[in-house]
Amino acid sequence: MEPLKESWPNNVGRSVTIQDMHGDDMHFTITDEILYPETGLEHEKLLCLQRIEWSDGRPALRMGYYMYTTNTRGTSYWVWGQFSAFILAEDWRFLHEEAKRRKWF
């Protein structure tokens with residue numbers, strides 16, 4: 001089943017807590033994100049470039065991806081990828097140009 005664009009994740013404004021390598025909590029808020037279907041995997045994988053703000057106010061960028069999956073009950077949904085994202089140069093070019101257009105840098 002092909003996911004509709006309306007089903008794409010939207011995490012702008014979401015506050016996130018992660019742990020550093022020492023187990024200490026780190027907090028940030030997602031202030032903007034760019035989603036782009038990976039070339040060749042348009043119906044399965046969304047590349048994601050997020051502009052975040054750390055709790056101390058520092059801005060940063062976070063690269064990741066979502067995979068479209070189906071659970072055992074047949075419900076389909078997007079899940080955050082847990083590994084480093086591999087990305088084609090042409091897909092990176094789109095993300096980079098869109099980030100420049102949005103004046104992220």
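Structure shown above.
Residues numbered from 1 in each chain as written. Predicted model: local features only at pLDDT ≥ 70, side-chain atom pairs only at ≥ 80, totals over all residues. Heavy atoms only, no water.

1. Structural notes on the pattern of salt bridges
With the rule as written, the count across this model stands at six salt bridges. As a salt-bridge pair, R102 and D32 come within 2.9 Å of each other at their nearest N and O atoms. Of this pair, R102 sits in the segment after α1 (89-101) while D32 sits in strand β2 (residues 25-37), placing them 70 residues apart in sequence. Here E98 makes a salt bridge to R102, at a shortest N to O gap of 2.8 Å. Taking relative accessible area as the criterion, E98 reaches 13% and is therefore assigned buried. The structure contains a network of salt bridges with shared partners spanning D32, E98, R101 and R102. (Salt bridge = Lys/Arg side-chain N within 4 Å of Asp/Glu carboxyl O. Helix = DSSP H or I, 4+ residues; strand = E, 2+ residues; numbered from the N terminus. Buried < 20%, exposed > 50% of the residue type's maximum accessible area, 1.4 Å probe, protein only.)

2. Some remarks on a nonpolar patch on the surface
Taken together, the side chains of M63, I87 and W92 define a hydrophobic patch exposed on the protein surface, amounting to about 240 Å² of accessible area. Mapped onto the elements, I87 comes out in the loop between β5 (76-80) and α1. The class for I87 is partly exposed, based on a relative accessible area of 31%. (Patch = residues over 30% accessible without salt bridge, like charges linked within 9 Å, V, L, I, M, F, W, Y side chains within 5 Å. Areas by Shrake-Rupley, 256 points an atom, 1.4 Å probe, with all protein chains shown as cover.)

3. Quick word on the sheet that holds β2
Judged by pairing direction, the sheet is antiparallel, and its five strands sit side by side in the order β1-β2-β3-β4-β5 without closing on themselves. In this open sheet, the two strands that pair with only one neighbour each are β1 (15-19) and β5. The mean inter-strand angle of the sheet, taken between neighbouring strand axes irrespective of direction, is 40°. Inspection of the sheet shows β1 paired to β2 by five bridges, in the antiparallel sense. By the bridge assignment for β2, Q19 is matched with D25. Against the sheet, α1 touches β2, β3 (45-54) and β4 (59-70), its axis set at about 115° to β2. (Pairing = 2+ DSSP bridges. Axes fitted to C-alpha atoms, helices over the stretch in contact; angles between N-to-C directions. Contact = heavy atoms within 4.5 Å.)

4. Remarks on the pairing of β4
Taken together, the nine bridges between β3 and β4 define a ladder with antiparallel strand orientation. Note that in β4 the partner of I52 across the bridge is A60. Hairpin connection between β3 and β4: a loop of four residues separates the two successive antiparallel strands, and G57 in this loop has a positive phi of roughly 95°. In the sheet, β4 pairs with β5 via five bridges, with the strands oriented antiparallel. In the strand pairing of β5, Y68 is matched with W78.

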